[in-house]
Amino acid sequence: MDLVIGIGNRLRSDDGVGREIVDRLSPRVGLNIESVHQLVPDLVEPIEQARRVLFVDADVRCRDLQLQRVRPSAVGGVGHTLGPEGLLHWAEAVGAAVPDAWLLSVPVKTVDIGEGLSDEAERAVGAALERIDEWLDEAVEGLRSEEEV
Amino acid sequence: MEKQIHIEPVTRIEGHAKISVFLDDAGDVRDAQFHVTELRGFEKFCEGRTLWEMPGLTARICGICPVSHILASAKTCDAILAVRIPETAELLRRLMNLGQMVQSHALSFFYLSAPDFLLGWDTDPATRNVVGLAMKDADLARKGIRLRAFGQEIIDRLGGKRIHPAWAVPGGVNRPLSEENRAWIRDRLPEALDTTRFTIDLFKETFNTIESREVLGTFDSMYLGLVAPDGTWEHYAGMLRWVDQARNPVVEAHDPTKYFELIREASEPWTYLKFPFYEPKGYPNGMYRVGPLGRVNVCDRFGTPLADAELEAFRDCQNGQCSGRVFDYHYTRLLEILASLERIERLIDDERIVSPAIRAHAEVNVREGVGIHEAPRGTLIHHYWVDENGIIEKANFIVSTGHNNLAMNRAVQEIAKTYIRKGKVSEGILNRIEGGIRAYDPCLSCSVHAVGHMPLYVDIVDVDGQTVRTLSRE
C-alpha cells in the first residue's frame, strides 16, 4: 500500500495546497490518502503500514515542483514544527518500520492568512497531480523504492 | 539586595508565558509570578457576529481543545434559543467531550509531561522530550500515541475532522453516529482501557510514596468542578461545587448559569491572564483549583467501577481530605481517562446513541445565555448577550486555565522557595518550576488566545530594577 499525506493550513492561503492536491487525487486500489493540518505522531500507524509514503507540502522557497527522498532525522520538534523527517524519526523511535519516504514540495506564492489558493498555487496543483500519478505508477526513473533500485 | 529571576518561555505548554522569581536580600525567594504575555482578544472580535457562527468561531480559539469551546458555545446558544436539545444530541455531545478528555489528557501526560518525571527532571533538555521517552520505552510511547489517537478518532468520526469540527450547533448536533463508527469505537475500547490501566499501575509503582508525589509542592486551596445531583463526577451538565482542603463543601450545588454570583475576575498589570476567584472570600484569598485535580477532589464518586476502585486507592492516603499536591494533577488525569473510557463504553452500548433525532430548531428567544461544561483543563464558561436578531453584543469567556491562574502562581512560589536558595539557580530547578506550571496543563491559547512557541529566559533583577544576569533557552 502507498500512502500520500497532504499537509497544510487552509486558513493560510497557499499553505493549504498539499491538502487541495490530495483531495483531488483519484482513488485507486492500494492507495491510502491522509489530509492533515499538520503532521502529528498519530500518523505513525498509517506510515508503518505503508510500503511507500509521499508527503505533499507547500514551499515558498522553491520555484518548481521538487520530489525528493526524505529520511528520519531528529529535526523540527514534535509540536507545530514537526516535519516529515521528524515524523519518520518518531516512527523509528517507537520501533515502527519506516517505509521508503518522499516529499513533494509544491511551489507557492504566499502563506499569509487567507482562504483559497493563488493563481500560481492553483497552476501547481495540476502539475503536482501528474507528478504524484507518476510516483504512484513508479513510472519515473529514480522513483522506485531503494530496495528495488 | 533584592533580585528578580525571569523564566521565559515555559516550554511544552500551549501558548506564551514567562516566570519571574523575586529574591530577597539573602537570595531566597520572596515572591514569584507567572506572566502570560500575549493577547488575541476573542471576546472583543466576537462582537457583531451572529449567534449561529459562535461555535465555529470560538472553536478557533484553540487547536488542542476546540471541542471544548464548540460544546460550551453550543450550550450557550441552546440557552438563547431556549430549546431543550434531543436526548441523543446530548449523548453525542457527551461522547465527543469524553473523546476530548481522552485525547487531551493523553497528550498532556504522554507527550508533554511524562518525559519530565519518567526520564528524570534533571535529564538533558535535548533528550527530555517525547522522542526521548520513546527511545527509553518505545512500548509506552506507542501506547500513548494510540490512546490519544483513539480520542482524536472519536472526535473525527463524530465531527468529520479532528480539529475544529463544526458539528455541535445551536439546538444539537448536525450529524448522527453511524453504526459503523459505533462499532469502531466499541472495537477499540478494550485496548484503550488496557493502556490506561497499565499506565496507572506504572504511575503508582513509580511514585509509590506520598513524598515522591510532592516534588512539585503541595498547598491548600479550594477546588471547583461540576457534579451530578448525586455528587457523581460530571463533565457536561450538573451543578457547580466548591470544596475546601478538608473536602468539606464550601458550596454544595450552585446553578452554573449563575456563576457570576460566586466568581469574579481580577486583573494584574503584569499578565494578560485574568484571575478568577471565589467572590465571598475575596481576592486573592478566593483561590480555587479546577481541572482533573479539582474534579476528582470535589466529586463523591466517578460512577464507574474501574475508576471508582482507583479513586478509592487515590483517596486512601488522603485521610478523607483533598490532595493539594500539584503533581497529583498527573495522577488524576489518568483517573479521568479511565472514567471517560468507561463512560464512553456505556454511551456506545446505549441504543439511543444512534437515533437520527439530533437537533431542535428555534430562533432567538432570550437575549442572554450561559453555557458551562468541563473541558479537560477545567470548568469552561461561555456567556453571550445578543440583540433581537441574534447578533452578539457582548461575550465573556472564563476558561479553565484562568481559574487556575492564582494556583499556578502559588505553585511557582512553592517550588521556587524549595529549590532556589541563596540565589543559586540551576537547570534542574528551572525544570521543576516549569513542571509545576505544566502539571496544570495550561492552555494559554484559550485563556488569552495567544499563539506561538515558548522560549525560556531567566532574568535576575536587583532591587533597583537592573538586570544583573540573564539565562535563556529556546
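This one's a predicted model, so the numbers in the text were calculated from it and none came from an experiment. (Residues numbered from 1 in each chain as written. Chains lettered and ligands numbered in written order. Predicted model: local features only at pLDDT ≥ 70, side-chain atom pairs only at ≥ 80, totals over all residues.)

Chemist: Mind showing me how you'd approach the overall build of chain B here?
Modeler: What chain B contains, in helices and strands, is 14 helices and 16 strands. Of all 474 residues assigned to chain B, the portion counted as buried reaches 55%. A fraction of 72% describes how many contacts in chain B between residues 6 or more apart in sequence connect residues 24 or more apart. (Helix = DSSP H or I, 4+ residues; strand = E, 2+ residues; numbered from the N terminus. Buried ≥ 20, exposed ≤ 12 C-beta atoms within 10 Å, placed from the backbone. Contact = placed C-beta atoms within 7 Å.)

Chemist: Sorry, what's going on with the sheet that holds strand S4 (residues 66-69) of chain A here?
Modeler: Residues and elements named next belong to chain A. Pairing is mixed in the open sheet, where five strands are placed in the order S2-S1-S3-S5-S4. Here the strands that pair on one side only, and so sit at the sheet edges, are strand S2 (31-36) and S4. Strand-to-strand twist in this sheet, taken as the mean axis angle between neighbours without regard to direction, amounts to 20 degrees. By the bridge criterion, five bridges tie strand S1 (residues 2-7) to strand S3 (residues 52-59) in an arrangement that is parallel. Bridge assignment links glycine 6 to a residue of S3, and that residue is valine 56. Those strands touched by helix H4 (residues 119-137) are S1, S2, S3, S4 and strand S5 (100-107), and its axis lies near 165 degrees from that of S5. (Pairing = 2+ DSSP bridges. Axes fitted to C-alpha atoms, helices over the stretch in contact; angles between N-to-C directions.)

Chemist: Explanation requested: the pairing of strand S12 (residues 368-375) of chain B in the structure shown.
Modeler: Along any regular strand, the residues point their side chains to alternate faces of the sheet. Residues and elements named next belong to chain B. Most of S12 sits out of view: seven of its eight residues are buried. Alignment of S12 against strand S13 (residues 378-386), held across eight bridges, turns out to be antiparallel. Residue pairing in the sheet places alanine 375 in a bridge with glycine 378 of S13. As consecutive antiparallel partners, S12 and S13 are separated by two residues.

Chemist: Help me understand the sheet that holds strand S7 (residues 239-243) of chain B in this model?
Modeler: All names here are of chain B. Taken in spatial order, the four strands line up as S8-S7-S6-S11 in an open sheet, and their pairing is mixed. Edge positions in the open sheet fall to strand S8 (249-254) and strand S11 (288-289), since each of these has one partner strand only. In the sheet, S7 pairs with S8 via three bridges, with the strands oriented antiparallel. Across the sheet, the residue bridging to valine 243 is proline 249, located in S8.

Chemist: Would you mind going over helix H3 (residues 66-81) of chain B with me for this structure?
Modeler: Residues three or four positions apart in an α-helix share a direction because the helix packs 3.6 residues into each turn. Residue and element names in this part refer to chain B. The end-to-end C-alpha separation of H3 is 22 Å, in line with the 22 Å expected for 16 residues at 1.5 Å each. By the criterion of burial, H3 is predominantly enclosed, with 16 of the 16 residues buried. Alanine 82 lies just past H3 and shows a positive phi near 60 degrees. (Expected span 1.5 Å × (residues − 1).)

Chemist: Is there a simple way to explain unusual backbone geometry in this structure?
Modeler: Excluding glycine, most residues fall at negative phi; most peptide bonds, likewise, are trans. Note the cis peptide between Tyr283(B) and Pro284(B), where omega equals 5 degrees. Within the chain, Ser13(A) stands out as a residue other than glycine whose phi angle is a positive 45 degrees. Assignment of secondary structure puts Ser13(A) in the loop between S1 and helix H1 (17-23). Here Arg247(B), not a glycine, exhibits a phi torsion of approximately 65 degrees, which is positive.

Chemist: Sorry if this is basic, but what is going on with the interface of chain A and chain B here?
Modeler: Frequently, the measure chosen for interface size is the accessible area that the parts lose on association. Taken together, the contact pairs 11 residues of chain A with 14 residues of chain B. A total of three residues in the side of chain A that touches chain B trace back to one element, the largest contributor, which is helix H3 (residues 84-93) of chain A. When grouped by side-chain class, the residues that make up the side of chain A that touches chain B number seven nonpolar, three polar and one charged. (Nonpolar A, V, L, I, M, F, W, Y, C, P; charged D, E, K, R; others polar.)

Chemist: Mind showing me how you'd approach the environment of Pro66(B) here?
Modeler: Residue and element names in this part refer to chain B. Looking at the element boundaries, proline 66 is found in helix H3. Considered as a pair, proline 66 and proline 165 are 99 residues apart in the sequence and their alpha carbons are 7.8 Å apart. Contact partners of proline 66, with chain neighbours within four places excluded, come to Ala59, Ile163 and His164.

Chemist: Honestly, the packing of helix H4 (residues 87-119) of chain B against helix H6 (residues 138-159) of chain B in this entry has me stumped. Any pointers?
Modeler: Helix-helix packing is described using two parameters, namely the angle between the two axes and the distance between the axes. Residue and element names in this part refer to chain B. Running from amino to carboxyl end, H4 crosses H6 at an angle of 155 degrees, the nearest separation of the two axes being 8 Å. Between H4 and H6, the angle is such that the two are roughly antiparallel. For H4 against H6, the interelement crossing comes out left-handed. Across from Leu92, Leu95, Met96, Gly99, Gln100, Val102, Gln103, Ala106, Leu107, Phe110 and Tyr111 in H4, the residues of H6 making contact are Ala141, Gly144, Leu147, Arg148, Phe150, Gly151, Gln152, Ile154, Ile155, Leu158 and Gly159. A per-class count over the contact of H4 with H6 returns 14 nonpolar, seven polar and one charged. (Parallel < 35°, antiparallel > 145°, perpendicular 65-115°, else oblique. Left-handed = near helix turned anticlockwise from the far one by under 90°.)

Chemist: Would you take a moment to explain the nonpolar core for this structure?
Modeler: Generally speaking, a soluble globular protein has its nonpolar side chains buried in company with each other. Counting residues in each nonpolar core, the largest one holds 166 residues, and the members touching the most others are Val56(A) and Val412(B). Counting residues per element, this core draws most heavily on H4(B), which supplies 14 residues. Apart from the residues lying within four places of it in its own chain, the contact partners of Val412(B) are Ile19(B), Ala32(B), Phe34(B), Ile433(B), Gly436(B) and Ile437(B). (Core = buried A, V, L, I, M, F, W, Y, C linked by C-beta atoms within 7 Å.)

Chemist: Help me understand H4(B) in this model?
Modeler: Residues and elements named next belong to chain B. Compared with the 48 Å implied by 1.5 Å per residue over 33 residues, the 45 Å span of H4 between its first and last C-alpha is a close match. Where H4 bends most, at serine 113, the angle is about 65 degrees, and the proline proline 115 comes one to four residues later. Within H4, 27 of the 33 residues are buried, which leaves it mostly tucked inside the rest of the structure. A positive backbone phi angle near 115 degrees is found at glycine 120, which sits one or two residues after H4. (Bend = angle between axes of the 7 residues up to and from the residue.)

Chemist: So what exactly am I meant to see when it comes to the confidence of the model for chain A here?
Modeler: Segments scoring low in pLDDT should not have their predicted coordinates read at a detailed level. For chain A, mean pLDDT is 88; residues scoring 70 or higher make up 89% of the total. Within the model, the stretch residues 144-149 of chain A combines pLDDT values under 50 with five contacts to residues more than four positions away or in other chains. (pLDDT = per-residue confidence, 0-100.)

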